[in-house]
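In case you want the letters, here they are:
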Amino acid sequence: MLQRRLPYDTDVDERTRLLAPRGPRRGPLDPDDPAVSPYNLWTVRGLRWMTIVLLVVTIAWWMLLLISTFISPPMMHSRGSGYYDFVYATVSVALLIVTLLFFAMPSRAEQYSCLVITILLLVNVIIILAVEGLRTEAGWVGIASALWATLMSGWVVLCDRVVEYGKAEEEERLTGRHETRRSLREWCGVFAATILTFILILIAILLTATLIMSAHDTSLEPFGSRYYVDGGKYQVHLFCEGPKNESKVTVLLEAGEYPVEGSMEGWVFDAYKNGSIGRYCYWDRPGYGFSDNAPSPLSAGIAVDALSEALVHADEDGPWVLVSHGVGGIYSRIFASRHSAQIRGLLLIDTLHENLLHRIGNSSRGFKLWLLGVISPLGLDRLWGWMFKGDTREDRIFGSAANQNGKLLKAKLQENLVATTYTLKEITTARVILPRNIPIAVVSSGERVKRDQKWYELQGDLSKLSDKLINWDVVDRAPHEVWKTLEGRAVLEKRLRQLADGRRKV
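Presented here is a report on the structure given in the accompanying data block. Every value quoted in this text rests on a predicted model; they were computed, and no experiment measured them. (Residues numbered from 1 in each chain as written. Predicted model: local features only at pLDDT ≥ 70, side-chain atom pairs only at ≥ 80, totals over all residues. Heavy atoms only, no water.)

We now examine the overall build of the chain. The helix and strand inventory of the chain stands at 16 helices and eight strands. By residue count, 53% of the 506 residues in the chain fall in the buried class. Here the contacts in the chain between residues at least 6 apart in sequence split such that 80% fall between residues at least 24 apart. (Helix = DSSP H or I, 4+ residues; strand = E, 2+ residues; numbered from the N terminus. Buried < 20%, exposed > 50% of the residue type's maximum accessible area, 1.4 Å probe, protein only. Contact = heavy atoms within 4.5 Å.)

Right, dumping it as structure tokens:
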């Protein structure tokens, strides 16, 4: 029986060519022959497929972190903003994609760049684990994201080294020498990979610098106490100044667009020192100042529930005069409707009307807040202020630079997402429930009402919330932060004293 003789060996191993020879091989192959490839090795092919699997897993994790910005999956809430986690996942995805795009074009520049990224990310992990405040804010999600990014960067270095070795081995076996020449296509690939990895190095450097700065910020102790709320999921900050006297009212401050410590507290503290009020308290809404971020979604009513719970833990039960500014008026009015028996008055300082909630709830503002939040871990503005403008920890937590803080940006994004749905429903209900015999004083910005007729009309509508209106003052030439003018401070202190004393006139 005749047996057919094959022109090549049928035993297959990792050195077997992917393309069958068309005839007997005569001499070494040309270096540009497609058969001269590191993919001839099973090891290289296996690493590539494993990289693809890791990329799929990382993209799934990235998408889960993206979703958690808008709605928190069970067991995935972190007490920080969560934007660091997202950036670490993005770096992981970028590294794996760059590796796959230029998998067969290893270069020492890419290897060294990824090695630097690995070291920087490892430093990030060490900082997070070593600093209690950062570790608490990051939670298991943040720690896992940083550690995964470090491992993926190390994986990229490993892949590049193995492919480089395999490429050299195949060239020596099939062409007789190690090829040092690169084609134009290969040079373009190496250049592109190097540029992309240099960008990732810059991101890793900024992440590390911002973490060091944040670690320094965590050393600033809050002025009051922090209390666990919502079943122990996060903490909110509450502070009270002055001796507690159950026979007298306590002024409760609700911030507007910025934390109380860096905005309203100054003039209220002056009123306390002047004897206009005997005691005041304030809290930081979730994500503001010293408070943790809350799970998403977070409506005004949910935030008010957190305040109510914190007041119970602090053994503070009023009676209250509520003072609010800007969007804080929404929160104060909901709180007043739910605790009307303890409310002795409301002072609304250029507060937002419910008919204008669409201004903070529009989609373009939401996208801008999300984008600013995503890049906040790079600390571009905060690092510049820290190194060249002398910004302090106080500036970054509750002062002039607080609006660059990822936690505050996350809180404002949460506010934006539900402003025209849950929050609007809650404030509409609160308006119906709020008793009309609670004294109210309204103080409006003269600059704001002059340039915004709708704002002026709705400030007038706020003055009709109660049958016991103390007064509606429009402070001429005063900005939105009415207390920034001397006349504004005088008017605010006068109305606050009236509400605290329970008098209609002074």
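Next comes the rest of the account.
Judged by nonpolar contacts, the single largest core of 44 residues is most densely connected at Leu252, Leu322, Phe335, Ile343 and Leu346. Residue contributions to this core peak at seven residues, all from helix 7 (residues 300–313). In contact with Ile343, other than residues within four places in its own chain, are Trp320, Leu322, Phe335, Ala336 and Ile438. In this structure, Val87, Ile117, Ile128 and Leu134 belong to the second largest nonpolar core, which totals 39 residues. (Core = buried A, V, L, I, M, F, W, Y, C linked by side-chain atoms within 4.5 Å.)

The next subject is the side chain of Ser276. Tracing the chain through its elements places Ser276 in the loop between helix 6 (265–273) and strand 4 (280–284). Separated by 3.3 Å, the side chains of Ser276 and Arg497 make a polar contact. Discounting chain neighbours no more than four positions away, the residues touching Ser276 are Ala271, Glu493, Arg497 and Ala500. (Polar contact = N/O pair within 3.5 Å; in protein donor to acceptor, adjacent residues only side chain to side chain.)

Consecutive side chains along a regular strand alternate between the two faces of the sheet. Burial analysis of strand 5 (residues 320–325) places six of its six residues in the buried class, which makes it a mostly covered element. Side chains Trp320, Leu322 and Ser324 of strand 5 all project onto a buried face; the interleaved residues Val321, Val323 and His325 project onto the opposite face, where all are buried too. As paired strands, strand 3 (residues 250–254) and strand 5 are joined by five bridges and run parallel to one another. If you follow Thr250 over to strand 5, its bridge partner there is Trp320. (Pairing = 2+ DSSP bridges.)

Once that is clear, we can look at the packing of helix 5 (residues 184–217) against helix 11 (residues 380–389). Axes are the key here: two packed helices are described by the angle between their axes and the distance separating the axes. At a minimum axis distance of 10 Å, the contact between helix 5 and helix 11 shows a crossing angle of 60°. In this view, helix 5 runs oblique relative to helix 11, as classed from their interaxial angle. In this structure, the crossing between helix 5 and helix 11 has a hand that is left-handed. Judged by residue contacts, Leu206, Ala209, Thr210, Ile212, Met213 and Ser214 of helix 5 engage Leu380, Arg382, Leu383 and Trp386 from helix 11. When the residues that make up the contact of helix 5 with helix 11 are grouped by side-chain class, the tally is seven nonpolar, two polar and one charged. (Axes fitted to C-alpha atoms, helices over the stretch in contact; angles between N-to-C directions. Parallel < 35°, antiparallel > 145°, perpendicular 65-115°, else oblique. Left-handed = near helix turned anticlockwise from the far one by under 90°. Nonpolar A, V, L, I, M, F, W, Y, C, P; charged D, E, K, R; others polar.)

On to the pattern of salt bridges. Pairing between side chains of opposite charge can happen when the charged atoms of each approach one another. Applying the stated criterion to the full structure yields 18 salt bridges. Linking Glu137 and Lys407 is a salt bridge whose minimum nitrogen-to-oxygen distance equals 3.6 Å. One end of the pair, Glu137, is in helix 4 (residues 132–175); the other, Lys407, is in helix 13 (residues 406–433), and 270 residues separate them in sequence. Glu316 is the partner of Arg279 in a salt bridge, and the nearest nitrogen-oxygen pair spans 2.7 Å. (Salt bridge = Lys/Arg side-chain N within 4 Å of Asp/Glu carboxyl O.)

This next bit is on helix 6. Of the residues making up helix 6, those classed as buried are Glu265, Trp267, Val268, Ala271 and Tyr272. Looking straight down helix 6, one finds its buried side chains confined to an arc of 170°; they lie on one side. Where helix 6 is buried, its residues touch strand 2 (234–241), strand 3, strand 4, strand 5, strand 6 (343–349) and helix 16 (486–501). Directly after helix 6, the chain includes Gly275, whose backbone phi takes a positive value near 85°. (Arc of directions from axis to C-beta.)

For strand 2, a buried count of six out of eight residues is recorded, marking the element as mostly surrounded by other parts of the structure. Sheet analysis places strand 1 (residues 225–229) next to strand 2, joined by five bridges and oriented antiparallel. The residue bridging Tyr228 from the neighbouring strand is Gln235, located in strand 2. Hairpin geometry of strand 1 and strand 2 is characterised by an intervening segment of four residues between the two adjacent antiparallel strands and by a positive phi of about 55° at Asp230. In this sheet, strand 4 lies alongside strand 2 in antiparallel orientation, the contact comprising five bridges. Residue pairing across strands places Cys240 opposite Cys281, the latter belonging to strand 4.

What follows is about the packing of aromatic side chains. This structure, assessed with the given rule, holds 12 aromatic pairs. Judged by centre distance (5.2 Å) and plane angle (35°), the rings of Trp62 and Phe86 are tilted. Of this pair, Trp62 sits in helix 1 (residues 42–70) while Phe86 is found in helix 2 (residues 83–101), placing the two residues 24 residues apart along the sequence. What makes Trp62 partly exposed here is its relative accessible area of 27%. Of the residues examined, Phe86 reaches a relative accessible area of 5% and is grouped as buried. (Phe/Tyr/Trp six-rings, centres within 6.5 Å; stacked < 30°, edge-to-face > 60°.)

Attention now goes to the sheet that holds strand 8 (residues 469–475). Pairing within the open sheet is mixed, and its eight strands lie in the order 1-2-4-3-5-6-7-8. Edge positions in the open sheet fall to strand 1 and strand 8, since each of these has one partner strand only. Along the sheet, successive strands turn relative to each other by an average axial angle of 20°, direction set aside. The strands touched by helix 7 are strand 1, strand 2, strand 3, strand 4 and strand 5; relative to strand 1, the strand with the most contacts, the crossing angle is about 120°.

Once that is clear, we can look at the environment of Trp472. Of note, Trp472 is situated in strand 8. Taking relative accessible area as the criterion, Trp472 reaches 26% and is therefore assigned partly exposed. The spatial distance from the C-alpha of Trp472 to the C-alpha of Gly460 is 7.8 Å, given a sequence separation of 12 residues. Side-chain polar atoms of Trp472 contact the side chain of Ser444, separated by 2.9 Å.

Here we come to the state of the cysteines. Taken as a whole and assessed by the stated rule, the structure comprises one disulfide. With a sulfur-sulfur separation of 2.0 Å, Cys240 is cross-linked through a disulfide to Cys281. Taking the sign of the S-S torsion, about 110° here, the bridge from Cys240 to Cys281 comes out right-handed. Linking Cys240 in strand 2 with Cys281 in strand 4, this pair joins segments that are 41 residues apart in sequence. Overall, Cys240 belongs to the partly exposed group, its relative accessible area being 24%. With a relative accessible area of 0%, Cys281 lands in the buried category. (Disulfide = S-S within 2.5 Å.)

Turning our attention to the packing of helix 10 (residues 363–375) against helix 13. Running from N to C, helix 10 and helix 13 cross one another at 155°; their axes reach a closest spacing of 9 Å. What the angle tells us is that helix 10 and helix 13 run roughly antiparallel. In this structure, the crossing between helix 10 and helix 13 has a hand that is left-handed. Contacts between helix 10 and helix 13 pair Arg365, Gly366, Leu369, Trp370, Leu372 and Gly373 from the former with Leu409, Lys412, Leu413 and Asn416 from the latter. The residue inventory of the contact of helix 10 with helix 13, partitioned by class, reads five nonpolar, three polar and two charged.

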